[in-house]
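Coordinate inspection notes
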Amino acid sequence: MSTVVIAICVLLGLAAVFGIILGYAAVKFKVEGNPIVDQIDGLLPQTQCGQCGYPGCRPYAEAIANGDAINKCPPGGQSTVEALADLLDVEAVPLDAVEETVKKVAYIREDECIGCTKCIQACPVDAILGAAKQMHTVITAECTGCDLCVEPCPVDCIDMLPLETTLNNWKWDAPRPGIELIATDAGRGTEQRGAA
Amino acid sequence: MGKVFAFHGGIHPPENKKQSTRTPIAIAPIPEVLTVPIQQHIGIPAKVLVNVGDQVLKGQMIAAAEGRISASVHAPTSGKVVDISMQPVPHASGLSAQCVVIETDDQEQWSDTQGLADYTALSKPELIDFIRDKGIAGMGGAGFPTDVKLHLGDDHIVNTLIINAAECEPYITADDMLMRERADRIVRGIEVIHHLLKPHHVVIGIEDNKAHAIRVLEEQLKGHPLNIDIVVVPTKYPSGGEKQLIKLLTGVEVPSGGIPADVGIVCQNVGTAAAISDAVFDGKPLISRIVTITGDAARKPQNFEALIGTPFDTLLEAADVDRNALSRLVCGGPMMGFTINDGSIPVIKTSNCVIAATADEMPPAPPAQACIRCGMCEQVCPAELLPQQLHWFAKSRELDKAKHHNLFDCIECGACAYVCPSSIPLVQYYRFAKSEIRNEEAEQRKAELAKQRFEARLARQEQEKLEKEARRKARAADAAKAQAQKAAAPVSQPASSEDELKKLKTAAAVARTKLKKAQTALDKAKADGGDDIAQLDLQFQQAQQASDKAAAALASAEAGQTDAVKPAVDTKQLKTAAAVARTKLKKAEKALASAEEKGQDDLDALRATVKELTQKADAAQQALEQADSGTSAPAVPDTKQLKTAAAVARTKLKKAQSALALAQEQGADNADELAKTVAELEAKAATAQAAFDAAESGSSSAQPQDKTADLQADVDKAKQTLEKAQKALTAAQASGSPAVDKMRAGVEKLEKKYQDAVTALQAVKGSTEKPAAEPELDLKALKQTVSIMRTKLKKAEKALAEAPDDAALADEVARLTQSHDEAKQAFEAGEAKQIEQAAAQGVDLKQLKIDAAMARAAVTKIERAIKKASEQDSDLRELETELVGAQQHADKLNTTLSQFE
Ligand code: SF4
Ligand code: SF4
Ligand code: SF4
Ligand code: SF4
C-alpha cells in the first residue's frame, strides 16, 4: 500500500517540478514574432516581384503561413516549392507558372531615358539610380530582375537582359552520368577486346 | 634537418619531369601581340589605367589593384595599347575576360623602375605596398595576392615560414628549373619575406626527386645568417598541397576552414620568393614567369621565361610542338589542370605548365561506371575525406550533406579519381557541387541584400508618409490658428476679456462677501466664546486667501485689459484727469470769489492758481479731445457728451460773466483779466455748441438709414412673396389649372405692393443719401429695377412661348416690355447724368472706379505682406506706413466715388 502511495507522490512531485520548469521556459524563451514566417521568407528568393500576387516576398511568406499555396513563386522555381514543402511538411506541388530559368537584370538604354523617375518609384529594392530629367541607370548588383520597372517606363527604354556569365559567377557543369551500357552493347565489346 | 611527418593518402603517378629539365630555361620570343588579362589573381579585377592607343613602357602599370585582395598588372614590354576587350583567358570555363592587348615594338624600353637599395630602411607597410605595386600574386597556382599574405604578420603570430618547393604534380618543372638556375634570387626573396614576417625559422620543403635543385639550394644557404632549413620530403602526390606540405614538415594540421596562419605558419612558393626578390632589388614588376612546355607532342620540351600575355601558341612553336600529334592542350598539370582549346590563350601569372599531349599520352576518359564501393578513393584522399560519399551527395544534389562532409576541404587533387576503378570523374562532381553551393550562397546573400533593401524602402516610404501627414497636420493647425486669430482678434478677444473681467470681478466680490461673512462669524464666535473658533478661524483664513487670489486675478486681468485696449483707457484716464483739473479749477475759482468778496489780500496768489489751473484744465481737455478724435474719429461723435460739454461751457461762461460783473462793480483791478477769460469761455461755449449741433444733425441724418434698412427688408419680403406667387402661377399655367386667372390677379397685386415698397425705399434713399439732389433717382435702385423687370419679362416671354394663344399673357409681356424699357431708360439716363456730373467736376467716373478698385487691391496686398512679415518677425514699420498711405489713398478715392453714386 505504502509503495503505491510513495509512487504516486513521486510521480506527482515530478509532474509538478517539470510543470514549473516548462512553464518557466515558456515565459523565458518566448519567441517574438512568428518564426515560421521568417523561415518561409528565408526560402523565398526575395526578388520582390509580386508575381505571387502579394506585394513582395514577406507578405507571401505570411500568406503561406496562413495556409496559402506554396507554388506561386516563379522566380523561386520548383526548388523553392520543394524547400517550402520540406519546411512545412506538406506535399510538393508543381509550380503554377513557367519557371524562370535565366536570371535577368534590368538595363536602361541610357540615351533614350527621359529622366521621368517612374522606374525609380517602381523598383522595390531601390536598384535604380537617377534624378528628375537626368539619365537613369540600374545598379546591376542590386537588381533582382523583378521586371517591375519595365512597364512604367513611358519610352520603353528598359530591357531585361540575361545576367552575363563571368569568371566569377561561372559554374561547373554537372558531369554527365556514366554511359549506362550493358556488356552486349555495340562498340563496348570491341573496345574491351582492343584493350585486352 | 627537420623531421618529416606524413600525410594521409597520396598517390605516385608517373612523374614525366625529366623531359623538360634537359635544357636550361630559354627566353621565350616576344610575340607581336601580348594579351594581358586584368584579372590574373584571386580577388577583385584590377582597374585599367590605360586607353586604347596609349604608348606603354615595359614595366609600366597598366591596371591598378582595387580593394584589399587584388593585384596590379604591368605592361610586359613596351608597345602600344591596341585594344581593351574581352579575350579568351586560361580558365576551365573557356570564357573570355577583360584584357589589355598590347602591340609590342621590340624596343623593350623600360619605364624607370628602381629597386630598393636598402629595403630594411622602409617601414613594413611601405615595403609591402612597394611589393603590392609590383603586382605579385602567388605563382604556385592559385594566384593569391602576395601582399595580403605578407600582412599576416600584423594580426597573427608567425612561427614558421614554409617555402613550397615540392612541385609534386607530374610534368611540371618550372620551380625545379628556377631553383637550379636562380637559387640566389629565391634566397634573397626569402630574406625579404623573413624581414616582413619575422618567423622563428624558415623551412624549404622540397621533394626528393629534385636532387639538383636541393644541391644548389644547399650551396646557396651555406653560412647564411638566417635559420633556413631545407627539408627533403619523399615524392608523393600531392605533397605540394599547402596543407599537405605543412603536415609533412610540421606535423600540424590546419583546421578545416582555417588558414595556415591560424596555426602560426605562412607558405610561399619559390617562384613567389624569386618574384619578390626581383621586385625589391631590381624594381622589376611581375611581367614574366617560367612556364614548362612539355608533353609528347613537344619535340623540344623545356622551360621558357615568357612574358605575361604571350599566347601559348608562341611557346608551343618555340618548343617545336608537332601539331599533328597534338590531341590535347592542358593548362597546368595533368592532375589539376584543365584542357584548353585555343592556342591564343595567353600566359598569366599562374600558368606554370602547358602540356601538349598526344592521344596516347592522355586518352579520353573511359566511360564512368557505377561505384563499386571499393573504398580506394578514401584511402588516397590527402584531405582525409570520404570521396565516395561526396560523390553520392553531389550526384543526388544533396548539397547540404556534401557540405557537412567537408566538401570544401577537398583540394581537388584528383587522387581519388586517379585510383577509381570505375573511372568516375569524381573531381568534376566535387567541382560542380562546390560551384553550386557557392552560387546558392551568393544568391542567398543577394536575396538577403534585396530583402534588406526592400524593407528599408518600405520603412522609408512609411516614414515619408508619416512626415507628410505630420506636415499636413501642422499646416492645417497653422491655418486654423491663423483663422482663429483673425476671427478673434477684432471682435471676440476684447469681448471675452471683458467677460472674463466681469467674471473675475464677480468672483472677487463673492470672495470678499464670503470673507466678510466668515469674519463676522468668527467675531461672533469669539464674542460668544464658542468652541468652534479654530474651525471658523481656518475658514476665515481660507476665505481670505481665496479673496486675495480673486483680487489678484482681477487686478492682473485688468492690467492686461488696459494693455490690450490702451487707447480706450487712455481716453478714460484723460477724461478723469480733465475732470479733476476742472474740479480743482472750480474750487480755486470759488476760493478766489469768496476771497474777493471778503477782500482778502492773497488775491493775487489765488488768481495765479486759478490761471494755472485753467491752463491745466484746458490742456487736459485738449488732450482728451485729441485722444477722442484719435480713437473714435470715424465713429459718430457722442452727441450726449457734446451736449454736456456745451452746457458746461455755458455754465462756466455764465459764472465767469457774473464774476466779471461783480469785479467790475467792486472796481477790482483784475476786471480786465476776467473779461478776457469770459471772452475765452464764450468762444469755447460757442465751439462746444457748434460741435453738438453738428453731431446732432449727423445722427439725425443717420436715423433715416435705419428706415431704409426696414424698407429694404420690406422690399425683399415683397419680392420673395412675389417670386413665389409667380412661380406658382407659371406652374398653374403650365398645368392649365382653372385658378390661373385668380392667381394672376393675386400676382399683380403683389407686384404692385412690391413696386410700392421699392418706390418707398427709393424715396427714402434718395432723401437720405442725396438730400441736396432730391429729385435724382437712386442709380442702384434703378439698376435693380431694370434687372427685375428683365427677369419678369423673360419669365413672361417664356410663359407666352409655352402658351402662345394666351392673349392675357401676350398683353402682359407687352406691358412688361414697356416697363422694362422705361426702367432701363431711366437707369441709363441716371448713369449718364452721373457721369456727366462727375465729368463736370473734372472727374472721369470710370477711371475713378478703376482707381478705387486698384487702391483697394493695393491695401489688401500690403495687408497680406504685413501679415507675412509679422509671421517672419521682420521689420514692419515701413510696411505699416505704406499701408496707412495706401489706405488713405483708397479712402479718398472711395469717398469721391461714393459722392457720385
Ligand atoms: S513570386 Fe517569389 S520572388 Fe516574387 S515576390 Fe513572390 S515570393 Fe518573392
Ligand atoms: S531595376 Fe527593375 S528589374 Fe531590377 S529590381 Fe529594380 S524594378 Fe526590378
Ligand atoms: S522610366 Fe524609363 S524614361 Fe523614365 S527614368 Fe526610368 S528609364 Fe528613364
Ligand atoms: S579530389 Fe578531393 S576527395 Fe578526391 S582525393 Fe583529392 S582531396 Fe580527396
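These numbers come from a predicted model, not from an experiment. (Residues numbered from 1 in each chain as written. Chains lettered and ligands numbered in written order. Predicted model: local features only at pLDDT ≥ 70, side-chain atom pairs only at ≥ 80, totals over all residues. Heavy atoms only, no water.)

**Focus: the UniProt feature "binding site: [4Fe-4S] cluster 2" (unreviewed entry) in chain B**
All names here are of chain B. Here the UniProt-annotated "binding site: [4Fe-4S] cluster 2" (unreviewed entry) positions come out as Cys 381, Cys 410, Cys 413 and Cys 416. Considering the C-alpha atoms alone, the annotated residues occupy 36 residues of sequence yet fold into one spot, their largest mutual distance being 10.5 Å. Note on placement: Cys 381 falls in the loop between helix H9 (376-380) and helix H10 (387-395). With residues up to four places along the chain from it excluded, the contact list for Cys 381 reads His 8, Gly 9 and Pro 387. Among the structural elements, Cys 416 can be located in helix H12 (residues 415-419). Apart from residues lying up to four places away in sequence, Cys 416 is in contact with Cys 377, Val 380, Pro 387, Leu 426 and Tyr 430. (UniProt positions renumbered as here; feature names shortened; annotations may be inferred. Helix = DSSP H or I, 4+ residues; strand = E, 2+ residues; numbered from the N terminus. Contact = heavy atoms within 4.5 Å.)

**Points about the interface of chain A and chain B**
Counting residues at the interface gives 38 residues for chain A, matched by 30 residues for chain B. Surface buried jointly by chain A and chain B totals about 2,900 Å² across both partners, of which 57% is contributed by carbon and sulfur atoms. Three residues, A:Leu167, A:Trp172 and A:Pro175, lead the burial of chain A against chain B; their summed loss comes to 26% of the area buried on that side. Counting across the chain A and chain B interface gives five salt bridges. Those elements giving two or more residues to the side of chain A that touches chain B turn out to be helix H2 (35-43), helix H5 (118-122) and helix H6 (188-195) of chain A. For the side of chain A that touches chain B, the leading source of residues is H5(A), giving three residues. Looking at the side of chain A that touches chain B, its residues break down into 17 nonpolar, 11 polar and 10 charged. (Buried area = accessible area lost by both parts, 1.4 Å probe. Salt bridge = Lys/Arg side-chain N within 4 Å of Asp/Glu carboxyl O. Nonpolar A, V, L, I, M, F, W, Y, C, P; charged D, E, K, R; others polar.)

**A look at the site of ligand 2**
Among the 13 residues in the neighbourhood of ligand 2, the closest are listed as A:Cys123, A:Cys143, A:Thr144, A:Cys146 and A:Cys149. In the shell around ligand 2, the residues fall into 10 nonpolar, two polar and one charged. (Near = heavy atom within 4 Å.)

**Here's the deal with helix H5 (residues 211-221) of chain B**
All names here are of chain B. For H5, every residue scored as buried is listed here: Ala 213, Ile 214, Leu 217 and Leu 221. Each buried residue of H5 lies within a common arc of 100 degrees when the element is viewed along its axis, so the set occupies one face. Away from its buried face by more than 90 degrees, H5 exposes Arg 215 and Glu 219. Buried-residue contacts for H5 involve helix H4 (174-197), strand S10 (201-207) and strand S11 (228-233). (Buried < 20%, exposed > 50% of the residue type's maximum accessible area, 1.4 Å probe, protein only. Arc of directions from axis to C-beta.)

**Quick word on the pattern of salt bridges**
Taken as a whole, this structure holds 31 salt bridges over all chains when the rule is applied. The salt bridge involving B:Arg397 is made with B:Glu436; its shortest N-O contact spans 3.6 Å. Note that B:Arg397 is positioned in the loop between H10 and helix H11 (399-404) and B:Glu436 in helix H13 (residues 426-528), a separation of 39 residues in sequence. Relative accessible area serves as the criterion here: at 10%, B:Glu436 is assigned to the buried category. Its salt-bridge partner being B:Lys434, residue B:Glu412 comes within 2.9 Å of it at the nearest N-O pair. Of this pair, B:Glu412 sits in the loop between H11 and H12 while B:Lys434 sits in helix H13, placing them 22 residues apart in sequence. Across the pair, B:Lys434 and B:Glu412 agree in class, each one buried. Salt bridges sharing common partners tie together A:Asp38, A:Asp41, A:Arg58, A:Glu62 and B:Lys451.

**Structural notes on the site of ligand 3**
Taken together, 13 residues surround ligand 3, and among them A:Cys113, A:Cys116, A:Thr117, A:Cys119 and A:Cys153 come closest. Each residue belonging to the shell around ligand 3 can be placed in one class, and the counts come to 10 nonpolar, three polar and no charged.

**Topic: the packing of H2(A) against helix H4 (residues 77-88) of chain A**
All names here are of chain A. Their axes nearest at 9 Å, the elements H2 and H4 cross at an angle of 160 degrees. In terms of axis orientation, H2 runs roughly antiparallel to H4. Seen along the crossing, H2 lies across H4 with a hand that is right-handed. Residue-level inspection shows Ile 36, Gln 39, Ile 40 and Leu 43 of H2 in contact with H4, the latter providing Thr 80, Ala 83, Leu 84, Leu 87 and Leu 88. Considering only residue class, the contact of H2 with H4 consists of seven nonpolar, two polar and no charged. (Axes fitted to C-alpha atoms, helices over the stretch in contact; angles between N-to-C directions. Parallel < 35°, antiparallel > 145°, perpendicular 65-115°, else oblique. Left-handed = near helix turned anticlockwise from the far one by under 90°.)

**Topic: the layout of surface pockets**
Residue and element names in this part refer to chain B. By volume, the second largest pocket amounts to about 1,800 Å³. Lining of the second largest pocket is provided by 44 residues; of these, Arg 328, Pro 334, Ala 365, Pro 425 and Gln 428 occupy positions nearest its centre. At the level of elements, strand S15 (326-331), strand S16 (338-340), H12 and H13 are the ones that each hand at least two residues to the lining of the second largest pocket. The biggest single contributor to the lining of the second largest pocket is H13, with four residues. Residues belonging to the lining of the second largest pocket are distributed by class as follows: 29 nonpolar, nine polar and six charged. For the lining of the second largest pocket, the domains that each give at least three residues are domain 1 (18-357) and domain 2 (375-488). (1 Å grid on protein atoms, 1.4 Å probe; cavity = no way out; pocket = protein on both sides within 12 Å on 5 of 7 lines; lining within 4 Å. Points joined across faces, edges and corners; volume = space filled by probe spheres on them. Domains from an automatic or database assignment.)

**Some details on empty space enclosed by the protein**
Residue and element names in this part refer to chain B. Per the stated rule, a full pass over the model turns up 10 cavities of 30 Å³ or more. By volume, the largest cavity amounts to about 210 Å³. Every residue lining the largest cavity is counted, 20 residues in all, and those nearest its centre are Met 139, Gly 271, Asp 278, Ser 288 and Arg 289. If you list the elements that add at least two residues to the lining of the largest cavity, you get H4, helix H7 (270-282) and strand S13 (288-294). Ranked by residue count, the leading element in the lining of the largest cavity is H4, at five residues. By residue class, the composition of the lining of the largest cavity is 10 nonpolar, three polar and seven charged.

**Comments concerning the confidence of the model for chain A**
Residue and element names in this part refer to chain A. In this model, chain A carries an average pLDDT of 84, and 89% of its residues clear a pLDDT of 70 or more. Confidence scores differ between elements of chain A, with H6 showing the lowest mean pLDDT of 42 and helix H1 (residues 2-28) the highest of 94. Note that residues 181-196 has pLDDT below 50 and, in this model, eight contacts with residues that lie over four places away or in other chains. (pLDDT = per-residue confidence, 0-100.)

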